[in-house]
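Commentary on secondary and tertiary structure
Each chain is listed here by its residues.
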Amino acid sequence: MSRPRKGKSTACGLAKVAVVFCATLVFCATNVGCSPSEPAAPKSDESEPAAQVERPPAPVISIPLVDRSGFDAILAEHNGRVVLVDCWATWCLPCIAQLPHSAELAKDLGGKGLTVVALSFDEPEDVDQVRKALEGAGIGSSGVVTLQSKFGSSSESLDAFEITSGALPHYKLYDRTGKLRRAFHLDPAARQQFTAIEIDAAVVELLAE
Amino acid sequence: MKKSLRSFGMGMSMAIAAAIAVPSAYAADAATESKAKDTAEKKLAVGDKAPAWKDLEGTDNERHSLGDLAAVKAVVVVFTCNHCPVAVAYEDRLVELAADYADKGVEVVAINVSNSEADKLPKMKERAEEKGFKFDYLYDPSQQIGREFAAAVTPHAFLLDGARNVVYIGAIDDSMKPEKVTKNYLRDAIDATLAGSKPPVDSTKPMGCGIRYE
């Protein structure tokens, strides 16, 4: 789906990632689950046509609904590449804060063999809000593969995609053979919670394998 | 930045150095998860004795302990916070739940263990007043009680029976959107407990904002 982008922009990708590390420290230092911000309005209204006037025409982001087998099929399409799955939702404020970083990773490391998948756990009928959030994060031109769980925010979704703790944000990292190598989630039993820096470092390690 | 070419190799070794510098106690690691489970303290499960909070400050400026509720037939503990949109989406439902069961010997206790500025006690007090919380809304800045319950998300519900054993763990119901709810897991569990039977469903997976333990 998102082919590797060749070019010098990817050659300095890691330098850029290193800079983004700093930005993500904010994410690491703050309370991930309950950070202050404007609440994501849980509305399912159609987007108002007036908003289209100000925005330059951009291709509409496609967000297929997937169950586990659909997700696995997409993973299989990316065999040979490292795949980072960013499990997020519009109601997860730290997730929203991290989406631009996922877009950056896709842009900078796509040419080195990384595919980033943004898998939304919003309700299927809220796809317009999902799209708005993705657009706002600059996902549109990044090469990030955008998907949405067909089970929305339900327990079924958690089971299907093995979000065992039920907590978002949650990241999964697959190696080039399609094997799940790491899952990053918040855990009450952990002495220390994961950070965006660890995810980036793990991505780089797998790319080097 | 595009021109400041750093070789992939150099960048990588830096990143790996960063990874090594980070303590190895990851929140979760697929490869070591089972090993971690063996060594970690046993996670609270249905049937276990409930952890008892002691002297937690509430939005009413009083100190509260589980022991204060000795006469209560069942206790609903909900880990929540101010700014998680999912937790906010459940506030009205918590208020209704507390009201509906107040005369049936059921006490609802909301606990916040998040230490972000917007979640601390002064903001909790504001929220409790705005929403008319009639139940205790307690703050544990040490996060200890959250760890003891293994509360992972907001909201995360636990039901304690008369003997203060945990009889239900999980979601309040099956949808963040009130209009889409078809299964009221927590209410069903309370009704069963009051009737002296086991909850029809004693655990569900709650989805919500991950609680960040420090």
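Quick notes on the rules
- Residues numbered from 1 in each chain as written.
- Chains lettered and ligands numbered in written order.
- Predicted model: local features only at pLDDT ≥ 70, side-chain atom pairs only at ≥ 80, totals over all residues.
- Buried ≥ 20, exposed ≤ 12 C-beta atoms within 10 Å, placed from the backbone.
- Helix = DSSP H or I, 4+ residues; strand = E, 2+ residues; numbered from the N terminus.
- Pairing = 2+ DSSP bridges.
- Core = buried A, V, L, I, M, F, W, Y, C linked by C-beta atoms within 7 Å.
- Contact = placed C-beta atoms within 7 Å.
- pLDDT = per-residue confidence, 0-100.

Thoughts on the pairing of strand β6 (residues 170–174) of chain A
All names here are of chain A. Burial analysis of β6 places 5 of its 5 residues in the buried class, which makes it a mostly covered element. Residues of β6 alternate between two faces, with His-170, Lys-172 and Tyr-174 on one and Tyr-171 and Leu-173 on the opposite face, all of them buried. As judged from the 5 bridges shared by strand β2 (residues 82–88) and β6, these two strands associate in the antiparallel manner. The residue of β6 that forms the bridge with Val-83 is Tyr-174.

Some remarks on the environment of Glu-104 of chain A
Mapped onto the secondary structure, Glu-104 of chain A falls in helix α5 (residues 93–109). With 40 residues separating them along the chain, Glu-104 of chain A and Val-144 of chain A place their C-alpha atoms 9.4 Å apart.

Details of the nonpolar core
Formed by 111 residues in total, the largest nonpolar core has its most connected members in Leu-84 and Val-203 of chain A together with Val-76 and Leu-159 of chain B. Apart from residues no more than four positions distant in its own chain, Leu-84 of chain A is found in contact with Leu-105, Leu-114, Val-116, Tyr-171, Leu-173 and Val-203 of chain A.

Some words on the confidence of the model for chain B
Residues and elements named next belong to chain B. Summary statistics for chain B give a mean pLDDT of 85 and a share of 81% for residues scoring 70 or more. Every residue in residues 1–40 scores below 50 in pLDDT, and together they form 65 contacts with partners more than four places removed in sequence or on other chains. Across the interfaces of the predicted complex, the ipTM metric reaches 0.78, alongside a pTM of 0.79.

Side note on the sheet that holds strand β3 (residues 114–120) of chain A
Residue and element names in this part refer to chain A. Taken in spatial order, the 6 strands make up an open sheet running β1-β4-β3-β2-β6-β7, and their pairing is mixed. For this open sheet the edge positions go to β1 (65–66) and β7 (180–185), each flanked by a neighbour on one side alone. Bridge analysis of β3 against strand β4 (residues 145–149) gives 4 bridges, and the strand direction is parallel. Within β4, the position partnered with Leu-119 by the bridge is Leu-147.

As for unusual backbone geometry
A cis amide bond, omega 0°, links Leu-168 of chain A with the succeeding residue Pro-169 of chain A. Cis peptide bonds are those with omega within 30 degrees of zero, and the linkage from Thr-154 of chain B to Pro-155 of chain B qualifies with -5°. Tracing the sequence through the fold places Pro-155 of chain B in the loop between β6 (153–154) and β7 (156–160). Although it is not a glycine, Glu-162 of chain A adopts a positive phi angle of roughly 50°. As for its position among the elements, Glu-162 of chain A is in the loop between α7 (155–160) and β5 (167–168).

Concerning the sheet that holds β6 of chain B
The strand order across the open sheet built from 3 strands is β5(A)-β9(B)-β6(B), with neighbouring strands paired in mixed fashion. This sheet does not close on itself; its edge strands, each paired only once, are β5 of chain A together with β6 of chain B. Here β6 of chain B runs beside strand β9 (residues 208–210) of chain B; their pairing, made up of 2 bridges, is antiparallel. Following the sheet pairing, Val-153 of chain B is matched in β9 of chain B by Gly-210 of chain B.

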